[in-house]
Structure formats: structure tokens, C-alpha cells
Amino acid sequence: MKLKELESWLQDVQGFSAPRILLEQYQTPPHIAARVLHTAQASFKDLEGKMVADLGCGCGMLMLGASLLEAAHVIGVDIDEGALEVCQENLTEAEVDNVELIKADVTRMMKDQPRFHKFFDTVLLNPPFGTKHNPGTDVAFLQTALEISHGAVYSLHKTSTRTHIVKKAGDWGVKAEVLARLRYDLPNTYKFHKKASVDIDVDFIRFSRQK
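The structure displayed is predicted, hence computed values, not measured ones.

Novice: Looking at this model, I keep getting lost on the overall build of the protein. Mind explaining?
Specialist: Looking only at helices and strands, the protein has seven helices and seven strands in total. Ordered by position from the N terminus, the helices and strands of the protein form the series α-α-β-α-β-α-β-α-β-α-β-α-β-β. Summarising the internal contacts of the protein: among those between residues at least 6 apart in sequence, 71% fall at separations of at least 24. Working note: accessible area of the protein is about 10,200 Å², and carbon and sulfur atoms make up 49% of it.

This is the structure we're talking about:
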């Protein structure tokens, strides 16, 4: 599937009906999701025929795209029941059947779901940026992703945290490759937002075990 075709499919994904600020719920923009997914498959062959996880799957933007790119099976994980309901509606509407949803706290997966240790070929995530309400959550999500993957992890992180994220990866014996610097259009979602939207510089990073 070509990049533009994938993005077109993802344009139809329904967003959060009642986003929760404490969970930093923002829908991944379709053009960014398409770029992440297309790169993972076209450049690294990390989706087709693979067992894939989407951590903090939200409304299902990334997991739906992975399904469309012919992943063998995709498991989406989120702690929010409302988000999972919207996600299921999106998956049903797209008529995909190689998907599964799990309600769980991503940061506790290794304690609550130890069966997933090194279970996945590829893990996708657009984690909370770990800023105002959730300091360190981005790193906690990334650590879980690395624990449940025996292959590659694809993640989005604020460019301003690049040095910290790359250092953490190095401490864990993981290679962090910044594949692109993207402009993340953050829409006016919550009452405290003063502007219609804000552009944030975001790194698209591929993490892999060093050999």
C-alpha cells in the first residue's frame, strides 16, 4: 500500500469522544501515523506478517494502519475504556479481523501480563509526552515497549527530549535511530488551550537491540 493511500484510509479514524487530560489523550495525526507505518514496512519490513503491539492505542490509528499493512496480528493496549470503545468502532468500520484489544496499564504490563515478555516482533507507540501531568510517562511506556518486543520499537518523542531519550536507550543497551523530525499539529482539545492548534517538533525514532 502506498503512503498516500494509507493516509487516506487513516483520515476516517474517529477521534476521542471525551479526551482525558490526565492521560494526555491526543489522536495521532493521520499523516504522521501513515509516515511511521509506511517507513516501518517499506524500509525495515517490520509489519507485514509480524506480531505487532500498539501501546496506548487510543482510537486505533496506529494499530489499524498496521493491520492494513498486513501484520499477522495486532494487539492494542489502553487503560481507558472509552478509548477502547471508540477504537473497536474504528476497527469494526474498517472490517479488519487480525486485531485484538486489551485493557491494561501499559506501565504495569510486565507485572500484570508477564506472558508478553519478548512476545512481539514489533511495537508501535505514540506515548504521552510525559510533560505537565505525567512526568516520565514517555520513558515508562518506552521501557515497557522494549520489554515486550524482541524486534523493533517505533515511537514518537518530543524533539526537546531527544538527548534524554537517546541516553536512556544507550543505558538499556538499545540503539536509538532518529528517522525523522516531524511537525505534530496539536489541536485545541482541552479548556486550558488558548490557541486553535500548536505545532510541536517530534522525533520519529526506531529502537533496536544492539548486536
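This is not the end of the story, as more comes after the structure.
Novice: Sorry, what's going on with the pattern of salt bridges here?
Specialist: As enumerated under the stated definition, the model contains eight salt bridges in all. Across the salt bridge formed by D112 and R108, the nearest N and O atoms sit 3.0 Å from each other. D201 is the partner of R183 in a salt bridge, and the nearest nitrogen-oxygen pair spans 2.4 Å. One end of the pair, R183, is in strand β6 (residues 174-187); the other, D201, is in strand β7 (residues 197-209), with 18 residues separating them in the sequence. You can call R183 partly exposed: its relative accessible area is 46%. Where salt bridges share partners, they join R181, R183, D199 and D201 into one cluster.

Novice: Help me out: how do you make sense of helix α4 (residues 81-94) in this one?
Specialist: What sets the pattern is the α-helix's 3.6 residues per turn: residues three or four places apart point alike. The terminal C-alpha atoms of α4 lie 20 Å apart, and with 14 residues this matches the ideal 20 Å at 1.5 Å per residue to within 8%. Every buried residue belonging to α4 is among A83, L84, V86, C87, N90, L91 and A94, and all of these are buried. Projected down its long axis, α4 shows its buried positions confined to an angular sector of 160°, all on one face. In α4, the exposed residues that point more than 90 degrees away from the buried face are T92 and E93. Next to the buried residues of α4 lie α3 (61-68), β2 (73-78) and β3 (99-103). Of the residues flanking the end of α4, it is E95, one or two places downstream, whose phi is positive at about 60°.

Novice: Would you explain the packing of helix α6 (residues 137-148) against helix α7 (residues 162-171) in this entry?
Specialist: Geometrically, a packed helix pair is captured by the angle between its two axes and the distance between the axes. Relative orientation of the contacting elements α6 and α7 amounts to 35°, with a least axis distance of 11 Å. Relative to α7, the crossing made by α6 is right-handed. Contacts between α6 and α7 involve D138, V139 and L142 from the first element and H164, I165 and K168 from the second. Of the residues in the contact of α6 with α7, the class split is three nonpolar, one polar and two charged.

What counts, and where the lines are drawn
Residues numbered from 1 in each chain as written. Predicted model: local features only at pLDDT ≥ 70, side-chain atom pairs only at ≥ 80, totals over all residues. Heavy atoms only, no water. Helix = DSSP H or I, 4+ residues; strand = E, 2+ residues; numbered from the N terminus. Contact = heavy atoms within 4.5 Å. Areas by Shrake-Rupley, 256 points an atom, 1.4 Å probe, with all protein chains shown as cover. Salt bridge = Lys/Arg side-chain N within 4 Å of Asp/Glu carboxyl O. Buried < 20%, exposed > 50% of the residue type's maximum accessible area, 1.4 Å probe, protein only. Expected span 1.5 Å × (residues − 1). Arc of directions from axis to C-beta. Axes fitted to C-alpha atoms, helices over the stretch in contact; angles between N-to-C directions. Left-handed = near helix turned anticlockwise from the far one by under 90°. Nonpolar A, V, L, I, M, F, W, Y, C, P; charged D, E, K, R; others polar.

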